[in-house]
Amino acid sequence: QARLVESGGGLVQPGGSLRLSCTAYGLTFINHHMSWYRQAPGKEREMVASIPSTSDLTNYADSVKGRFAISRDNAKNALYLLMGNLKAEDTAVYYCHAEYRSSSRLTYWGQGTRVTVST
């Protein structure tokens, strides 16, 4: 049973930084493209960053470009999102997402970790 577990969310002040982590269990991590999504109150879920299974060709939403950095450690089955210069509009539940590289129909979601940017 594949499972993704996020951690690292919390309360942070505007301009601050936070690092989110996602650990994958029950799947061959290196065979999966990985992404971070977020869903803010009253908003649709959106992809904020992605990283392919076997390359460094990362992609970012325009709203976070230059502030967030996605990375992965295949030896640890781990995905990270380093968030800097956080803004109030970054407040959301952040979700880890895995997609099997040989079939886009095979995807997995984490339970989410909440990030609140506020004074």
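Could you give an account of the pairing of strand E8 (residues 78-83), naming the residues involved and the relevant values?
Extensive coverage of E8 is indicated by the burial of 5 of its 6 residues. Where strand E3 (residues 18-25) meets E8, 6 bridges bridge the pair, whose relative direction is antiparallel. For Cys22, the partnering residue across the bridge sits in E8 and is Leu79. Taken together, the 6 bridges between strand E7 (residues 68-73) and E8 define a ladder with antiparallel strand orientation. In the sheet register, Ile70 faces E8, and the bridge partner there is Leu81. In textbook terms, the turn of a hairpin is the stretch between consecutive antiparallel strands, and for E7 and E8 this stretch comprises 4 residues, one of which, Asn77, has a positive phi near 50°.

Describe the side chain of Ser50, and please don't skip the residues or the numbers.
Tracing the sequence through the fold places Ser50 in strand E5 (residues 46-51). Other than its neighbours up to four places away in sequence, Ser50 contacts Met34, Ser35, Leu57, Thr58, Asn59 and Ile70.

Report on the sheet that holds E3, specifying residues and quantitative values.
Pairing within the open sheet is antiparallel, and its 4 strands lie in the order E1-E3-E8-E7. Lying at the two open borders of the sheet, with one neighbouring strand each, are strand E1 (3-7) and E7. Direction aside, neighbouring strands of the sheet carry axes that sit 15° apart on average.

Basis of the calculations
Residues numbered from 1 in each chain as written. Predicted model: local features only at pLDDT ≥ 70, side-chain atom pairs only at ≥ 80, totals over all residues. Heavy atoms only, no water. Buried < 20%, exposed > 50% of the residue type's maximum accessible area, 1.4 Å probe, protein only. Helix = DSSP H or I, 4+ residues; strand = E, 2+ residues; numbered from the N terminus. Pairing = 2+ DSSP bridges. Contact = heavy atoms within 4.5 Å. Axes fitted to C-alpha atoms, helices over the stretch in contact; angles between N-to-C directions.

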